[in-house]
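Each chain is listed here by its residues.
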Amino acid sequence: MAATTGGGEKREHLYKVLVIGELGTGKTSIIKRYVHQFFSQHYRATIGVDFDLKVINWDADTLIRLQLWDIAGQERFGNMTRVYYKEAVGCFIVFDVTRVSTFEAVQKWKNDLDSKVQLPDGSPIPCVLLANKCDQSKEGIVTNQSQMEEYCRDRGFVTWYETSAKENVNIDEAARCLVTKMLENDRKLNLGHEDKDKDIVAIDNQGGSGKSSGSKFACC
Ligand code: GTP
Ligand code: MG
């Protein structure tokens, strides 16, 4: 679809990205920081699933829409994750560096993910591990860089980042890493093939398809 009204044409990619991990690890906070540049100490558990959209002007030719699925930590004990994971092409698993139990649960989340969603060629979806709340003092394996790297290699994570939603540490970097991986997979597997007609969109000076249609929007 390529109606031009002043600006250049961009190739558009829509990627569904999951954010999962134990209760209170900071999933919602990471998304709010990333999309809305906002942080609150006030904790309200997510119920079920929440959504946000981040629009990234990746380069001169590429617009990325990240549809972020913020899945409640309590969902690990429910049956809904299979429904939520459907058609996702990327994932963040989040743990809290101050609570070892949340790291121990990472493997359970990864197993749940890999058993319920795959790329069209059957391979696991790329997953980046986020060691969140790094503005606070750390506990356990996360204090050892090389052990963390080995852990990620052994368990099929793309990589890991220490993050802080509070202090805005490494969230953009982690997202860039995951997007790079999803673009690579897209080139190999043509993940967006069902949207081919919509692949080319016009971005005009009034906003065009890059403009917010609601409050859940941000563009870097
Ligand atoms: P559920 O929705 O229950 O699964 O939790 P969640 O993973 O979405 O956690 P949420 O983002 O609601 O954060 C839980 C608490 O941790 C809140 O009080 C946040 O303010 C706090 N928090 C989140 N990220 C950080 C961080 O990077 N540093 C610090 N110090 N606190 C954080
Ligand atoms: Mg939440």
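For the structure, see preceding data.
In this text, all values refer to a predicted model and were calculated from it rather than measured experimentally. (Residues numbered from 1 in each chain as written. Chains lettered and ligands numbered in written order. Predicted model: local features only at pLDDT ≥ 70, side-chain atom pairs only at ≥ 80, totals over all residues. Heavy atoms only, no water.)

Colleague: Please set out the pattern of salt bridges residue by residue, giving values where relevant.
Modeller: This model, assessed by the stated rule, comprises nine salt bridges. Where K181 meets E184, a salt bridge forms, and the shortest distance between an N and an O atom there is 3.5 Å. In this pair, K181 and E184 both sit in helix α6 (residues 171–189), three residues apart, roughly one turn of the helix. What makes E184 partly exposed here is its relative accessible area of 33%. Taken together, the salt bridges that share partners define one network made up of D96, R99 and K133. (Salt bridge = Lys/Arg side-chain N within 4 Å of Asp/Glu carboxyl O. Helix = DSSP H or I, 4+ residues; strand = E, 2+ residues; numbered from the N terminus. Buried < 20%, exposed > 50% of the residue type's maximum accessible area, 1.4 Å probe, protein only.)

Colleague: Report on the site of ligand 1, specifying residues and quantitative values.
Modeller: Among the 23 residues in the neighbourhood of ligand 1, the closest are listed as K27, S29, S40, Q41 and Y43. Interatomic distance of 2.9 Å between a backbone N/O atom of G26 and an oxygen atom of ligand 1. Take S40: an N or O atom from its main chain is 2.6 Å from an oxygen atom of ligand 1. Relative to its free-state accessible area of 660 Å², ligand 1 is covered by the protein chains to the extent of 94%. Top element by residues in the shell around ligand 1 is helix α1 (residues 27–36). It accounts for three residues. When the residues that make up the shell around ligand 1 are grouped by side-chain class, the tally is six nonpolar, 12 polar and five charged. (Near = heavy atom within 4 Å. Polar contact = N/O pair within 3.5 Å; in protein donor to acceptor, adjacent residues only side chain to side chain. Areas by Shrake-Rupley, 256 points an atom, 1.4 Å probe, with all protein chains shown as cover. Nonpolar A, V, L, I, M, F, W, Y, C, P; charged D, E, K, R; others polar.)

Colleague: Tell me about unusual backbone geometry, residues and numbers included.
Modeller: The phi dihedral of K133 is positive, around 70°, even though this residue is not glycine. Locating K133 in the fold gives a position in the loop between β5 (127–132) and α5 (145–155). Phi at N168 is positive, roughly 60°, even though this residue is not glycine. With respect to the helices, strands and loops of the structure, N168 is situated in the loop between β6 (159–162) and α6.

Colleague: Mind laying out the coordination of the magnesium ion (ligand 2), listing which residues take part and the relevant values?
Modeller: Surrounding the magnesium ion (ligand 2) are the protein donor atoms T28 (OG1) and T46 (OG1), at 2.0 to 2.1 Å. Remark: T46 occurs in the loop between α1 and β2 (49–59) and T28 occurs in helix α1; sequence separation between them is 18 residues. With relative accessibility at 25%, the residue T28 sits in the partly exposed group. (Donors = N, O, S within 2.8 Å, 3.2 Å for Na, K, Ca; no water.)

Colleague: Can you tell me about the nonpolar core, naming the residues and giving the values?
Modeller: The biggest cluster of nonpolar side chains holds 56 residues, and the ones touching the most others in it are L18, L66 and L129. For this core, the element with the most residues is α6, which contributes eight residues. Discounting residues that sit within four places of it in the chain, L18 has contacts with W69, I71, Y84, Y85, A88, G90, C91, F92, L113 and I125. (Core = buried A, V, L, I, M, F, W, Y, C linked by side-chain atoms within 4.5 Å. Contact = heavy atoms within 4.5 Å.)

Colleague: Describe in detail α5, supporting the description with residues and values.
Modeller: Of the positions making up α5, those classed as buried are M148, Y151 and C152. Down the axis of α5, the sector holding all buried residues measures 95°, keeping them to one side. Opposite the buried face of α5, at more than 90 degrees from it, the exposed residues are R153 and D154. Contacts from the buried residues of α5 go to β4 (90–96), α3 (100–104), α4 (106–116), β5 and β6. Residue G156 follows α5 closely and has a positive phi angle near 75°. (Arc of directions from axis to C-beta.)

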